[in-house]
Amino acid sequence: MIPEIEKGSLEEIKNFQEQKLVELLAYISQKSPFYKNFFEEKKIDITTIKTLEDLQLLPVTTKEDLQNNNDDFLCVPVSKIIDFATTSGTLGDPVTFGLTDSDLDRLAYNEAISFDCAGIKEGDIVQLMTTIDRKFMAGLAYFLGLRKLKVGVIRVGAGIPELQWDSIIKYNPSYLITVPSFLLKLIEYAETHNIDYNNSSIKGAICIGESLRNQDFSMNILSKKITDKWDIKLFSTYASTEMSTAFTECEHGNGGHHHPELIIVEVLDENNNRVKNGEAGELTFTTLGIEAMPLLRFKTGDIVQLHDTPCACGRNTLRVGPVIGRKKQMIKYKGTTLYPPAMNDVLSDFDAIENHIIEIFTNDLGTDEILIKIAVKNQSEELLHEIKDHFRAKLRVTPKIEFTSKEILNPLVFNPMSRKPIRFFDNRIS
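Residues numbered from 1 in each chain as written. Predicted model: local features only at pLDDT ≥ 70, side-chain atom pairs only at ≥ 80, totals over all residues. Heavy atoms only, no water.

Within an unreviewed UniProt entry, the label attached to the chain reads AMP-binding protein, and the organism entered is Flavobacterium shii.

This is how it looks when you write it as structure tokens:
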């Protein structure tokens, strides 16, 4: 089910996207109050923008723009909105995204080709272990995509290992859609209750919210912990509400595949210039084919690398590597630049750690300070020293680490209003 454009030459893909870009600019200049004013204020003649390189002549759109002018991004009457989704805003209040009937069809197509990329086919049964309510787009998107693929869906929702295993044993799904760290809880429950999980129906898991790979695409500590015990295939996927598009791995595990019919991607430096090929920068996208709330050169805040070598699966599209970190979560600590995912990886090395959070605050000198709180099975000074030594070996610095309890950490990490675990808390003074 690989779309023809994704098998096309790089020139064919570029020409296709440039045609769609011209159509998008004409659409938002007429329909979007925000972009109409934006182009007028910046004195931008959109008819001069014809190539992907010309995008550089346009200003970027930021999360603050979206927060401050939420309603002005809407290109259709509210009466045409079928689904109202929200995403967390940078200034506190959630940002609303409206989707028309056409947008929901696009969302279903996106997820269908993404799941197909990961090997899910018509006739499979998939257990959906994420919420589909609370105005989250993701769970709805997964359901719509699986339905379009003519795949059976078991909507169990998040959490409760006993309920998950009851459904697996009863319905024999072949794939799970889940936060990967929860797979460890499924394994733990199975071992405690004598469930032979390696002889279950599960062949693979589409993993959301947490990284599975290092920057060279080798498996990280979390994915190794899972697959060392459970012989299943893990697929990483990256997406956001703002882009209504997913980048999902194929069987070769070399990054999330780009769908050029749905989105234009750039990777930009601090000055909003494109980085050199292979360098890391902020993922910035322009949506294609969205009716209600299209976005132009929207900066995600995620630091990534793009990969453009052809993939063995037959797609010639770009691939997005694992997220290095979020731009706003970058930490300067004792002269070293750190991102939370790197610290999560270090902590994942220790089976004794049952849960953790990372807190960042501004110290008396005005610089970043790190406090990591961990819940462990048996507290000891020896374990604390071992963890600190491991930080020093892996990241060259040792943050402050203190013991706490699961009862304190679990409500913070597994917030019912979030679809994925929250382990990073930024309390720095702006």
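Right, let's get into the pairing of strand β8 (residues 245-248). What you see with β8 is no split at all: T245 and F247 on one side and A246 and T248 on the other are buried throughout. The sheet contact formed by strand β7 (residues 233-240) and β8 spans four bridges and is antiparallel. Among the inter-strand pairings, T237 is bridged to a residue of β8, identified as T248. Here β7 folds back onto β8 in antiparallel fashion, the turn holding four residues, of which S244 has a positive phi close to 45 degrees. (Buried < 20%, exposed > 50% of the residue type's maximum accessible area, 1.4 Å probe, protein only. Helix = DSSP H or I, 4+ residues; strand = E, 2+ residues; numbered from the N terminus. Pairing = 2+ DSSP bridges.)

Going through the model one piece at a time under the given rule, you end up with twelve aromatic pairs. With 5.6 Å between their ring centres and 90 degrees between their planes, Y35 and F73 make a pair best called edge-to-face. Placement of Y35 in helix α3 (residues 33-41) and of F73 in the loop between α4 (63-68) and β1 (83-87) is noted, with a sequence separation of 38 residues between them. Neither residue differs from the other here; Y35 and F73 are each classed as buried. In this structure an aromatic cluster arises from ring pairing among F34, Y35, F38, F39 and F73. (Phe/Tyr/Trp six-rings, centres within 6.5 Å; stacked < 30°, edge-to-face > 60°.)

Here, the residues flagged by UniProt with the feature "domain: AMP-dependent synthetase/ligase" (unreviewed entry) are residues 118-285. For the annotated span residues 118-285, helix accounts for 27% and strand for 24% of the residues, and the straight-line distance between the end C-alpha atoms is 23 Å. (UniProt positions renumbered as here; feature names shortened; annotations may be inferred.)

Attention now goes to the nonpolar core. Most often, soluble globular proteins have nonpolar side chains that are buried together. With 40 residues, the main nonpolar core has L25, Y35, F39 and L296 as its most contacted residues. Those elements that provide at least two residues to this core are α2 (10-31), α3, β2 (95-99), β10 (263-268), β11 (281-287) and β12 (298-304). Setting aside chain neighbours within four positions, we find F39 in contact with L25, I28, S29, I44, I46 and L296. I331, Y333, V346 and L347 belong to the second-largest nonpolar core, a separate cluster that totals 22 residues. (Core = buried A, V, L, I, M, F, W, Y, C linked by side-chain atoms within 4.5 Å. Contact = heavy atoms within 4.5 Å.)

What follows concerns the side chain of D116. Here D116 lies in helix α5 (residues 101-117). Beyond its immediate sequence surroundings of up to four residues, D116 is in contact with M1, I2, K121, L149 and R315.

Let us now look at unusual backbone geometry. Positioned with a positive phi, K135 is a non-glycine residue whose angle comes to about 65 degrees. Position of K135 among the secondary structure elements: in the loop between β3 (125-128) and α6 (137-148). The phi torsion at R297 lies on the positive side, around 50 degrees, for a residue other than glycine. The topology assignment puts R297 in the loop between β11 and β12.

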